[in-house]
Amino acid sequence: MPVLETGRHNLPMLAVTQAQKEITHNEALVLIDALLHTAVEGVALTAPALTDSDIGKCWLVGSGATGLWANKSGQIAIWIGGDWRYLIAHDGMRLWNRSNGRDSIYTGGVWRSGPIITNPSGGAVVDTEARATLGAMLQYFRLIGVLTP
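Residues numbered from 1 in each chain as written. Predicted model: local features only at pLDDT ≥ 70, side-chain atom pairs only at ≥ 80, totals over all residues. Heavy atoms only, no water.

J.: How do you make sense of the overall build of the protein when you look at a structure like this?
T.: Scanning the protein for helices and strands turns up two helices and eight strands. Reading the protein from its N terminus to its C terminus gives the helix and strand order α-β-β-β-β-β-β-β-β-α. Taking 149 residues into account, the globule formula puts the C-alpha radius of gyration at 15 Å, and the protein, at 20 Å, lies well above it. Relative to its full complement of 149 residues, the protein shows a buried share of 29%. When contacts within the protein are restricted to residue pairs at least 6 apart in sequence, those whose partners lie at least 24 apart make up 29%. (Helix = DSSP H or I, 4+ residues; strand = E, 2+ residues; numbered from the N terminus. Rg over C-alpha atoms; globule rule 2.2 N^0.38 Å. Buried < 20%, exposed > 50% of the residue type's maximum accessible area, 1.4 Å probe, protein only. Contact = heavy atoms within 4.5 Å.)

Written out as structure tokens, the structure is:
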């Protein structure tokens, strides 16, 4: 029997003659749960030691990851209790990184975060600071697709 998957995120689909459909259905629910309003605990190069109380937590696998996460760079690792599931990023995906409190968007094969925008402060260089702040804001708006390049 051929494996049925959705086209974009490769979520498992049920087949008419399939036995134990609950396994396939539950696998899809785990992946959907991680995809909806995706939030990661942080970026890591190795899988953290976790327990069943951590089920559902996700990490962004960093470049050059090793161990269980070798060859998974850029993917989202989901702890399902006793094992990991991985989501392959697609252009336009967004996630919230809990460790730094920032959004990231996947574009051009890379996870990108907007710049940290600082408030201009008074003094003799107000115009320079204001321009730098406005430039950072424009860069962020372009990154998230509010403005075109």
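J.: Quick question: what am I supposed to make of unusual backbone geometry here?
T.: Most peptide bonds adopt trans geometry, and most residues besides glycine take a negative phi value. One non-glycine residue with positive phi stands out, namely histidine 37, at about 50 degrees. Residue placement: histidine 37 occurs in the loop between helix H1 (21-35) and strand S1 (39-40). Here asparagine 71, not a glycine, exhibits a phi torsion of approximately 65 degrees, which is positive. Along the polypeptide, asparagine 71 turns up in the loop between strand S3 (58-61) and strand S4 (76-79).

J.: What am I meant to see in the sheet that holds strand S2 (residues 43-44) here?
T.: Two strands in a sheet stick together by hydrogen bonds in their backbones, pointing the same way (parallel) or opposite ways (antiparallel). The sheet built from four strands is open, its strands ordered S2-S3-S4-S5 with mixed pairing. In this open sheet, the two edge strands, each paired with only one partner strand, are S2 and strand S5 (84-87). By the bridge criterion, three bridges tie S3 to S4 in an arrangement that is antiparallel. From the neighbouring strand, tryptophan 59 faces S4, where its bridge partner is alanine 77. (Pairing = 2+ DSSP bridges.)

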